[in-house]
Amino acid sequence: MSKLILRVDGSCIPNPGNMAIGVVIYEDNKIIKKINELAGFGTNNIAEYKAVIRGLEEIKGMNFQIAEFYCDSQLVVKQLNKQFKIKNENIIPLYNEIKTLLKEIKNTEVYFYWNSREENKIADQLARSLLIKKTEDQKSRLPEEDIVLKAKKEKPISEFNDDFTGIKNLNNETEKHKINILIFSKMLSPGDWKTKLQNLNEKHSIPFNLIFPENGRENLKDILKISDIIIGGKLTNEDLKLTNNLKLYQIPYSGLDNLDLSAFKDYPEIFICNTHSNSNAVSEHAICLLLALAKKLIKNDSDLRKGKWNDFLKNEKNIELAGKKLGIIGLGSIGLEIAKKANIFGMDVLAIKRNAKNKKKLEKKYKLQYIGDKDDIEFVIKNSDFIVVTVPLTKQTENIINEKILSQMKNKYLINISRGKVVEEKILYKYLENKFLAGAAIDVWYQYPEKNNSKNYPSKYNFHKLDNVIMSPHVAGYTEKAIEENVLAIYKNIIKVANCEKPDNIISIELGY
């Protein structure tokens, strides 16, 4: 029985960058053919697929019964063995090409195995030798001002962070390209970012450098040029013009209303993603506010501290939630978590969702009485006792809860955990002040304190003087676990980008979320 062994490797410098492939074919443990070719511009995984395709093309006309392919990319091998689903649109045509080639190779068995780069050394060297030569040729043709950090008078980029190994390593033939991650976000301290991401990375060992700009935006020019991923911060058009390698702009929270994403319109190759990992924390806060309204918790607490026994002596009854109707305006990840929790209290849940795909499935899974689209908002308002708003703030949702909608909330309760501007400020205050609304619980506001001044009223209107309003300072999503989950979601997107897959929670610039 004749048997072929093929060791294949695809490489990039950097990643993505120029691609090359190396293929070594063995028969009876003897090398019978070596192939190395440049393969255009792309990513490591695309190069690995092209190496497999080239190997299949080479053996298609040969006489053998078994062929074993050895590749040093676990992801590619698992995809070829149908263990992992392919999500990257650029990989799918390559995968289909391999399937076609396998059909053409008749009366044979072809297997795909993973092995280490060390065991695939010859194929790896074949590919890299071409890339090193191409890189050197390109460098020799660059004008002096375009060579990053060439001038000695410039501060070496490695001084920004101990983890950053410097530009020269990107083209070092002995080292796999590391993903350069620029972190603007102040959600965690640099030390905590480093610890948490490195702890998560113990299993996967994705090679990355963490860069923290210590002097604000000063000296950012060269850092932006080599950043593969940016976490947090606000990027301008000028910033984006400097990004040669940027693949992912990761927003470390869910809200987008304080960001101008229009600058990204000319950069469709850059993924913009946020996280939804605080949905449980925010939904818990929403239920907390719901209960506080229904049980008059804040008012009773305040009055009892003054010796007043409201319900006990005045026959002022609390509200029992079982059997009451809850309207959820915005059935996203937070809205669904609220629905699950409301079910526990025996509430009937009605909801509005912009695009209610699988409506019947959602109604059944989350025990929803009704799901409508934006045109059905009045129906949901009219048929609900409590209304919770969870939509993102976009041009379409600003003041979506306006006078027309609020005028249908007589004796109802409103809970806003979305964004302040989703509810029309002046009208909300008016309807609360004259007791048209039974009450409101608000976590998101219209005015926020400046960085150096923590004291500031949350509205130009006197919400803080109303006894039918419960106020909290935009803290619904701020829990220790929610932060941990956010970091985990960010790390998962780092893995996906490293594996040339689509990240999660991609933002649409057109829709604004």
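*Asks:* So, the overall build of the chain: which residues are in play, and what are the values?
*Replies:* Helix and strand counts for the chain stand at 16 helices and 17 strands. The proportion of buried residues among the 513 residues of the chain is 48%. Of the roughly 27000 Å² of accessible surface on the chain, a fraction of 49% belongs to carbon and sulfur atoms.

*Asks:* Just give me the short version of the packing of aromatic side chains, but keep the residues and values in it.
*Replies:* Throughout the structure, instances matching the rule amount to 11 aromatic pairs. Summarising the aromatic geometry, the rings of Phe69 and Phe112 are spaced 5.4 Å apart at their centres and angled 40° between planes, so their arrangement reads as tilted. Note that Phe69 is positioned in strand E4 (residues 66–71) and Phe112 in strand E5 (residues 109–114), a separation of 43 residues in sequence. The burial state of Phe69 is the same as that of Phe112; both residues are buried. Centre to centre, the rings of Trp445 and Phe463 are 5.7 Å apart; their planes meet at 75°, and the pair counts as edge-to-face. Remark: Phe463 occurs in the loop between strand E16 (439–442) and strand E17 (469–471) and Trp445 occurs in the loop between E16 and E17; sequence separation between them is 18 residues. With relative accessibility at 7%, the residue Trp445 sits in the buried group. For Phe463, a relative accessible area of 1% gives the class buried. The structure contains a cluster of three or more aromatic residues connected by ring pairs, namely Tyr429, Trp445, Tyr446, Tyr461 and Phe463.

*Asks:* Can you lay out the packing of helix H8 (residues 279–294) against helix H11 (residues 333–344) for me, pointing to particular residues and giving the numbers?
*Replies:* Orientation of H8 relative to H11, taken along the N-to-C sense of each, is 50°, at an axis distance of 8 Å. In terms of orientation, H8 and H11 fall into the oblique class. You can see that H8 and H11 cross each other, and the crossing is right-handed. Of the residues in H11, those in contact with Ser279, Asn280, Val282, Ser283, Glu284, Ala286 and Ile287 of H8 are Ser333, Ile334, Glu337, Ile338, Lys341 and Ala342. Looking at the contact of H8 with H11 residue by residue, the class counts come to 6 nonpolar, 4 polar and 3 charged.

*Asks:* Can you lay out the sheet that holds E17 for me, pointing to particular residues and giving the numbers?
*Replies:* The strand order across the open sheet built from 7 strands is E13-E12-E11-E14-E15-E16-E17, with neighbouring strands paired in parallel fashion. This sheet does not close on itself; its edge strands, each paired only once, are strand E13 (368–372) and E17. Neighbour to neighbour, the strand axes of the sheet diverge by 15° on average, direction disregarded. Strand direction decides the pairing type here: strand E11 (residues 325–329) and strand E12 (residues 348–352), joined by 5 bridges, are parallel. Residue pairing across strands places Ile328 opposite Ala351, the latter belonging to E12. Each of E11, E12, E13 and strand E14 (386–389) touches H11; the most contacted strand, E11, lies at about 170° to it.

*Asks:* Can you lay out the pattern of salt bridges for me, pointing to particular residues and giving the numbers?
*Replies:* Summed over the entire model, instances satisfying the criterion amount to 18 salt bridges. The closest approach of N and O atoms between Lys3 and Glu68, which form a salt bridge, is 3.2 Å. Within this pair, whereas Lys3 is found in strand E1 (residues 3–13), its partner Glu68 is found in strand E4, the two being separated by 65 residues in sequence. Under the relative-accessibility criterion, Lys3 is labelled partly exposed at 36%. Each of the salt bridges in this network shares a partner with another, and the network as a whole consists of Lys33, Glu37, Arg54 and Glu58.

*Asks:* For the pairing of E14, give the residues involved together with the corresponding values.
*Replies:* Regular strands place their side chains on alternate faces of the sheet. A two-sided burial pattern is seen for E14, the buried positions comprising Phe386 and Val388 on one face and Ile387 and Val389 on the other. Direction of pairing for E11 relative to E14: parallel, over a ladder of 4 bridges. What sits directly across from Ile328, in E14, is Val388. Relative to strand E15 (residues 413–416), E14 runs parallel, the two being bridged by 4 bridges. Residue pairing across strands places Ile387 opposite Leu414, the latter belonging to E15.

*Asks:* For unusual backbone geometry, give the residues involved together with the corresponding values.
*Replies:* At Asp28, a position not held by glycine, the phi torsion is positive, near 55°. Tracing the backbone through its elements, the reader meets Asp28 in the loop between strand E2 (17–27) and strand E3 (30–42). Judged by its relative accessible area of 64%, Asp28 is exposed. Residue Asn505 is not a glycine yet carries a positive backbone phi of 60°. On the secondary structure map, Asn505 appears in the segment after helix H16 (480–498).

*Asks:* Break down the sheet that holds E2 for me, citing the residues and quoting the values.
*Replies:* The mixed open sheet is built from 5 strands, whose spatial order is E3-E2-E1-E4-E5. The two strands at the open ends of the sheet, each matched to only one other strand, are E3 and E5. Pairwise comparison of adjacent strand axes, ignoring direction, gives a mean angle of 20° for this sheet. Pairing geometry for E4 and E5, over 6 bridges, is parallel. Note on E5: the bridge partner recorded for Cys71 is Trp114.

*Asks:* Describe helix H1 (residues 44–59), and please don't skip the residues or the numbers.
*Replies:* Here H1 contains 16 residues, and its C-alpha end-to-end distance of 23 Å stays within 8% of the 22 Å for a straight helix at 1.5 Å per residue. The buried fraction of H1 is high, at 14 of 16 residues.

*Asks:* Report on the packing of helix H5 (residues 190–200) against H16, specifying residues and quantitative values.
*Replies:* Geometry of a packed helix pair, given as the angle between the helix axes and the separation of the axes. Their axes nearest at 10 Å, the elements H5 and H16 cross at an angle of 60°. Of the possible angle classes, the one that applies to H5 and H16 is oblique. Where H5 crosses over H16, the handedness of that crossing is right-handed. Residue-level contacts link Trp193, Lys196, Leu197 and Leu200 of H5 to Glu484, Val487, Leu488, Ile490, Tyr491 and Ile494 of H16.

Definitions and cut-offs
Residues numbered from 1 in each chain as written. Predicted model: local features only at pLDDT ≥ 70, side-chain atom pairs only at ≥ 80, totals over all residues. Heavy atoms only, no water. Helix = DSSP H or I, 4+ residues; strand = E, 2+ residues; numbered from the N terminus. Buried < 20%, exposed > 50% of the residue type's maximum accessible area, 1.4 Å probe, protein only. Areas by Shrake-Rupley, 256 points an atom, 1.4 Å probe, with all protein chains shown as cover. Phe/Tyr/Trp six-rings, centres within 6.5 Å; stacked < 30°, edge-to-face > 60°. Axes fitted to C-alpha atoms, helices over the stretch in contact; angles between N-to-C directions. Parallel < 35°, antiparallel > 145°, perpendicular 65-115°, else oblique. Left-handed = near helix turned anticlockwise from the far one by under 90°. Contact = heavy atoms within 4.5 Å. Nonpolar A, V, L, I, M, F, W, Y, C, P; charged D, E, K, R; others polar. Pairing = 2+ DSSP bridges. Salt bridge = Lys/Arg side-chain N within 4 Å of Asp/Glu carboxyl O. Expected span 1.5 Å × (residues − 1).

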